[in-house]
Amino acid sequence: MQPLDTILKRLAQVDARPNAVVSLYLDARWNDEQQRERARLTLKRAVADAIQGLHSFPREVAESLERDLARAEEHAMSVIKQRRDVGFEGIAAFYCEAKGLDMIVLSHATMPTKLHVGPRPEIWPLARFANDFEIALVAVVETDETRIFEVALSGVLAEESVEADVPDRVQRGGWRQLRIQKHIADHILHHHQQAARELCARFDGISAGRGRAPRVVLGGREPMLASLERTLPERVLMRAIRSPKIDPKGSTSEVLEQVREILALAVRRTQSELIHLAKEAAAVGRGALGVAPVIQAANAGRLWQLVVDERFQKEGSRCTRCDLLFSQSFAESCPACAGSVEAVSLRDELTRRAVLVGADVYAVDDSGELANCEGVAATLKY
Ligand SMILES: [Zn+2]
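Residues numbered from 1 in each chain as written. Predicted model: local features only at pLDDT ≥ 70, side-chain atom pairs only at ≥ 80, totals over all residues.

Chemist: How should helix 10 (residues 346-356) be read in this particular structure?
Modeler: Since the α-helix advances by 3.6 residues per turn, residues separated by three or four positions end up pointing in the same direction. In terms of residue burial, helix 10 counts as a mostly covered element, since 9 of its 11 residues are buried. Those residues of helix 10 not exposed but buried are Leu346, Arg347, Asp348, Leu350, Thr351, Arg352, Arg353, Ala354 and Val355. Count one or two residues on from helix 10 and you reach Gly358, which has phi positive near 75°. (Buried ≥ 20, exposed ≤ 12 C-beta atoms within 10 Å, placed from the backbone. Helix = DSSP H or I, 4+ residues; strand = E, 2+ residues; numbered from the N terminus.)

Structure (structure tokens):
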């Protein structure tokens, strides 16, 4: 299992020009035959359209692209044909023979069903989950038992060049359960100290591995919850969401369902705070509101947290010589170096640049707060 950050960085670095990358996304949450049939038709049409478009490429490029499309179609159809549940809600695959790219990403996050052919992989549907809430540690405390889970909101698994079967060890819903129960029939305080040590070790392990501390959710009833908290170091508490509402007697799936709700709420609150923060920061030059300022920040490599409305669709241009991004989609040449330009989706390019500088990406559904900044805002580095 690779962290989502790593997968995205690898994809964001791919520029296949003059070749192209085939990006395939599949929403595999079908409940009935009709939904499966709809997915099949959507993809069949998309592949046919892409094949029609091949004539605009030089012959050699078109030929390798055709093989990439065939590979994408074959994978999608094999997944769709599976009668049984595929075990993952979202599937992404990226193919580019010319660049040696052949990657399948299995995920518990929701993906659209779509096919994209372009010089770079389309990473937005995956990047939406590359933020502060991607991984959380959960501890649910009781008198003599503390359950500790590691939870991935997107539950991403990537396998390169492998058509992997669904591994059994990943549970439905994206929860990876590292420890289920730790029984210590000992003094309560001693037990909580043990649990705290376990939690800290996990916390530091994830921090070191990802270069970013995980979120922490602490649940259970009082006074046990407070007792656990007293034994936790500041660095863990600072990342913790406290939730006495989690029923420590609940089953694993009940607890995880509650945790999922808590995290979803925390993501929404964070997005809302981020937008306010960006608005305040913009006044002192550390925030960007709207298309032009966000592009400018992206060009300077200053993105820190990028918030984009799901419906943001604007087009722009990118210089193929100096990589400058700008908002006019009809530009003939680069305003900075006069190099040749290509039309791009601004959402994809901003996302790619955010990923490359390690910025968090948030997708906002309800654009009320983003409405007066054209659907895009960011907080900035330095
Ligand atoms: Zn240029």
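Chemist: I tried to follow the pairing of strand 3 (residues 101-107) on my own but got confused; where do I start?
Modeler: Regular strands place side chains that alternate from one sheet face to the opposite one. Across the 7 residues that make up strand 3, a large majority, 6, are buried. Pairing geometry for strand 2 (residues 90-96) and strand 3, over 7 bridges, is antiparallel. Residue pairing for strand 3: Ala93 is matched across the bridge by Ile104. (Pairing = 2+ DSSP bridges.)

Chemist: So what exactly am I meant to see when it comes to the environment of Gly301 here?
Modeler: Here Gly301 is to be found in the loop between helix 9 (291-299) and strand 12 (303-309). Overall, Gly301 belongs to the exposed group, with 12 C-beta atoms counted inside 10 Å. Separated by 52 residues in sequence, Gly301 and Arg353 have C-alpha atoms that sit 7.4 Å apart.

Chemist: In this structure, what is going on with the nonpolar core? I would like to understand it.
Modeler: Within soluble globular proteins, side chains that are nonpolar tend to cluster in buried spots. Formed by 77 residues in total, the largest nonpolar core has its most connected members in Leu306, Val307, Ala377 and Ala378. When we break this core down by domain, the ones giving at least three residues each are domain 1 (1-130) and domain 3 (283-382). By size, the runner-up hydrophobic cluster in this structure holds 29 residues, among which are Leu218, Leu228, Val236 and Ile262. (Core = buried A, V, L, I, M, F, W, Y, C linked by C-beta atoms within 7 Å. Domains from an automatic or database assignment.)

Chemist: Whenever I open this one, the sheet that holds strand 15 (residues 341-345) confuses me. Can you help?
Modeler: Either a parallel or an antiparallel arrangement is found when strands of a sheet pair, and the pairing is made through backbone hydrogen bonds. Read from one edge of the open sheet, 3 strands run 14-13-15, paired in antiparallel fashion. Each edge of the sheet is formed by a strand with only one pairing partner; in this case those strands are strand 14 (325-326) and strand 15. Across 5 bridges, strand 13 (residues 315-319) lies against strand 15 in antiparallel orientation. Directly across from Gly316, in strand 15, lies its bridge partner Val344. Packed onto the sheet, helix 10 meets strand 13, strand 14 and strand 15 and runs at close to 90° relative to strand 15. (Contact = placed C-beta atoms within 7 Å. Axes fitted to C-alpha atoms, helices over the stretch in contact; angles between N-to-C directions.)

Chemist: What is the right way to read the pairing of strand 5 (residues 135-141) from this model?
Modeler: Judged by how many residues are buried, strand 5 sits mostly within the fold: 7 of 7 residues are covered. Burial along strand 5 is two-sided: Ile135, Leu137, Ala139 and Val141 facing one way and Ala136, Val138 and Val140 facing the other are all buried. Taking the residues that link successive antiparallel strands as the turn, the strand 5-strand 6 (residues 146-152) hairpin has 4 residues. Pairing of strand 5 with strand 9 (residues 215-220), which is carried by 6 bridges, proceeds in the parallel orientation. Across the sheet, residue Val141 finds its bridge partner in strand 9, namely Gly220.

Chemist: What is the right way to read the environment of Leu43 from this model?
Modeler: Within the fold, Leu43 resides in helix 2 (residues 33-52). Along the sequence, Leu43 and Lys114 sit 71 residues apart, while their C-alpha atoms lie 6.7 Å from each other. Setting aside anything within four residues of it in sequence, one finds Leu43 in contact with Glu73, Ala76, Thr113 and Leu115.

Chemist: Please explain helix 8 (residues 252-282) as it appears in this structure.
Modeler: Here helix 8 is 31 residues long and its end C-alpha atoms lie 44 Å apart, about the 45 Å a rise of 1.5 Å per residue gives. Among all positions of helix 8, only Val255, Leu256, Val259, Ile262, Gln271, Leu274, Ile275 and Ala278 are buried. (Expected span 1.5 Å × (residues − 1).)

Chemist: Please explain the sheet that holds strand 11 (residues 287-289) as it appears in this structure.
Modeler: Reading across from one edge, 11-17-12-16 is the order of the 4 strands in this open sheet, with mixed pairing throughout. Because the sheet does not close on itself, it has two edges, and the strands there are strand 11 and strand 16 (360-364). Put simply, the sheet's adjacent strands are angled 15° from each other on average, direction ignored. In this sheet, strand 16 lies alongside strand 12 in parallel orientation, the contact comprising 5 bridges. In the strand pairing of strand 16, Gln305 is matched with Asp360. Sheet strands in contact with helix 8 are strand 11, strand 12, strand 16 and strand 17 (376-380), and its direction is about 100° off that of strand 11. Together, strand 12 and strand 16 form the strand contacts of helix 10, whose direction differs from that of strand 12 by roughly 155°.

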